[in-house]
Amino acid sequence: MFLRKVFQSGVFGVKNVSGRGGQVLFAAAARKQHSQAQQQGSQVASMRPETSSAKTLMDIGTRRIFNEDHDIFRQSVRRFFQEEVVPHHKEWEKAGEVSRELWEKAGEQGLLGVMIPEEHGGIGGDVFSAAITWEEQMYCNCTGPGFALHSDIVMPYIVNYGSQEQIERFVPPMTAGKCIGAIAMTEPGAGSDLQGVRTYARKDGGDWILNGNKVFITNGWMADVVVVVTVTNREAKTAAHGISLFLVENGMKGFQKGRKLEKIGLKAQDTAELFFEDVRLPASALLGELNKGFYYLMNELPQERLVIADMAISSCEFMFEETRNYVLQRKAFGKTVAHLQTVQHKLAELKTEICVGRAFVDNCLQLLSERRLDPSTASMAKFWASDLQNKVATQCLQLHGGWGYMWEYPIAKAFVDSRIQPIYGGTNEIMKELIARSIVSQK
């Protein structure tokens, strides 16, 4: 109750929190709020409208997986993106990266490391609170900040498999936004096939010598620490038995960052090539056990794929509302475009498909919160939601007519940003392979 009053009073508004004291105060309140969010009864949840019956697909106060404390948190996150991200995003698109100041502000607001346990230096929130940060970023149509990858893909590797020393060294500054994380899997010759990795680390006394290169690395240019997927045993019975993970820090001799890659979308997101030439790594840089890296990747990829799926559905919801507003205002043949039956039917189709997708993804979020999300189901969510995102992007742009092709219109940016979703995190073709294996397997 105290927390609700504090949030409503605006004490934790974006402009009112600054400095280390503000960060501690906000983080403490956020932790309390996140813990309260897990204690709500199902009776209240059952009374919440689903998106299909809400006024808009982005309304606060909807969906049974959330509760009132989540709503308060969502209001804070939405305000943060509107005040701290939206006004600067065009400038970051030109620069090919967001500012470090933004990362630290996100840390001050308790938006990083949301799901990481408090005892490890995170916020200690639940899956649904983390999902709010993914969704609100898509609702403002700003894909530059790599917060989700940093918090919900990179940090779990360190927390789940790292030593106490590694956790203490990296997790608190990552939660504060002072240390930016990335994960380097993809290589020029190895994408979705992780067993095709060629980057190699050989033992040299008590150290390791790392050589190789990675490409398409999100947060790669700004990263302070990178989880690098590396071959450590070329003689293993299968490639999967010879892969390890290492923590490589910015500034290490022989570790070079290539150019920021010029992409058709995600213009403000720093995506880079990484090069490792005789990088000497201490034994303490090994993350988890030797030659267990592939199994760690398989354990963590379902969550990564659900992050992509939830962001995809959220983008669909944004594009739908953007298009609804446009056709209600755009005039053609003496009346608004929304009066045309073909347009009305297309909107009906889009909303139905988005709501069906949202129901499935919300179910997956519930499964993840209960530690029951299996790889096949996560693959279904990722492939279905990202395919739908591209379908919605194409059809919503079409409903904008020629203006939809203009960069100044949000739908144009959403259209190009959506194209990468069926590719990264494992291509959708690979997702179908994984789903099919679970169908035909005799085990």
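Just so it is clear, the structure is predicted and the values come from calculations on it, not from any experiment. Residue numbers restart at each chain and count upward from 1, following the sequence in its written direction. Per-residue local features of the predicted model are confined to residues with pLDDT of at least 70, and side-chain atom pairs are confined, for both listing and counting, to 80 or more; whole-chain, interface and lining totals are unaffected and use all residues. Only hydrogens and water are set aside when side-chain values are computed; all heavy atoms of the structure are taken into account.

Undergrad: Let's hear about the pattern of salt bridges: which residues, and what values?
TA: Side-chain pairs of opposite charge can arise whenever the charged atoms involved come near each other. In the sections that follow, a salt bridge refers to a side-chain nitrogen of Lys or Arg positioned within 4 Å of a carboxyl oxygen of Asp or Glu. Across all of its chains, the model carries 27 salt bridges by this definition. With a shortest N-O distance of 2.9 Å, glutamate 135 and arginine 63 are connected by a salt bridge. Residue glutamate 135 is located in helix α7 (residues 127–139), and its partner arginine 63 is located in the loop between α3 (42–46) and α4 (68–85); the two are separated by 72 residues in the primary sequence. There is no split in this pair, since glutamate 135 and arginine 63 are both buried. Among the salt bridges present, the one from arginine 63 reaches aspartate 362, with a minimum N-O distance of 2.8 Å. Of the two residues, arginine 63 sits in the loop between α3 and α4 while aspartate 362 sits in helix α11 (residues 341–369), which places them 299 residues apart along the sequence. The structure contains a network of salt bridges with shared partners spanning Arg63, Arg74, Arg78, Glu135, Glu136, Asp310, Glu317, Arg358 and Asp362. Only DSSP runs of H or I covering at least 4 residues are called helices, and only runs of E covering at least 2 are called strands; the numbering of each starts at the N terminus. Burial classes follow relative accessibility: with a 1.4 Å probe on protein chains only, a residue under 20% of its type's maximum area counts as buried, one over 50% as exposed, and anything between as partly exposed.

Undergrad: Lay out a nonpolar patch on the surface in plain terms, naming residues and giving numbers.
TA: Taken together, the side chains of Trp403, Tyr405 and Met406 present a nonpolar region at the surface, about 360 Å² in accessible area. Note that tryptophan 403 resides in the loop between α12 (375–400) and α13 (410–418). By relative accessible area, which is 39% here, tryptophan 403 ends up partly exposed. Surface patches are defined over residues having more than 30% relative accessible area and no salt bridge, joining like charges when they lie within 9 Å and nonpolar side chains (Val, Leu, Ile, Met, Phe, Trp, Tyr) when within 5 Å. For every accessible area listed, the method is Shrake-Rupley and the probe measures 1.4 Å; residues are considered covered only by the protein chains on display.

Undergrad: Go over the packing of aromatic side chains with me, naming the residues and quoting the values.
TA: Two rings belonging to Phe, Tyr or Trp (six-membered ring only in the last case) form a pair when the distance between their centres is within 6.5 Å. Interplanar angles under 30 degrees mark stacking, angles over 60 mark edge-to-face geometry, and anything in between is tilted. Inspection of every chain in the model, using the stated rule, returns 11 aromatic pairs. With a centroid separation of 5.1 Å and an interplanar angle of 15 degrees, the aromatic rings of phenylalanine 255 and phenylalanine 276 are classed as stacked. Of this pair, phenylalanine 255 sits in strand β6 (residues 255–260) while phenylalanine 276 sits in strand β7 (residues 271–281), and the two are 21 residues apart along the sequence. Accessibility classification places phenylalanine 255 together with phenylalanine 276 in one group, the buried group. Here a set of aromatic residues connected by ring pairs shows up, and it is made of Phe80, Phe81, Trp103 and Phe147. In this scheme, Lys NZ or Arg CZ marks a charge over a ring once it lies within 6 Å of the ring centre and within 35 degrees of the ring normal. For arginine 74, the ring lying beneath its charged end belongs to phenylalanine 66, and the centroid distance is 5.0 Å. Stacked on the ring of tyrosine 200, the Lys or Arg arginine 234 has its end atom at 3.6 Å from the ring centre.

Undergrad: Before we move on, could you go through the nonpolar core and cite the residues and values that matter?
TA: Ranked by internal contacts, the top residues of the largest apolar core, which has 69 residues, are Trp134 and Leu306. For this core, the leading source of residues is helix α10 (residues 293–329), giving 12 residues. Note on definitions: a residue-residue contact is assigned when non-hydrogen atoms from the two residues lie within 4.5 Å. Dropping the residues within four chain positions of it, leucine 306 is found in contact with Val361, Cys364, Leu365, Leu368, Leu373 and Ala381. Nonpolar core, defined: a set of buried Ala, Val, Leu, Ile, Met, Phe, Trp, Tyr and Cys residues in which side-chain atoms within 4.5 Å join the residues together. Ile153, Ile167, Val197 and Leu287 belong to the second largest nonpolar core, which has 31 residues in total.

Undergrad: So what about the side chain of aspartate 270? Which residues, and what values?
TA: Assignment of secondary structure puts aspartate 270 in the loop between β6 and β7. There is no salt bridge for the buried aspartate 270, and the closest opposite charge comes from lysine 257, which lies 7.0 Å off by N-O distance. Any N or O atom pair separated by 3.5 Å or less is treated as a polar contact, with the protein-specific requirement of one donor-capable and one acceptor-capable atom, and with residues adjacent in sequence counted only for side-chain atom pairs. At a separation of 3.0 Å, a polar atom in the side chain of aspartate 270 contacts the main-chain amide nitrogen of tryptophan 221. Among all residues touching aspartate 270, those that are not within four sequence positions of it are Gly96, Glu97, Ile217, Thr218, Asn219, Gly220, Trp221, Met222 and Lys260. Counting rule applied: Lys, Arg positive; Asp, Glu negative; His and chain ends not counted.

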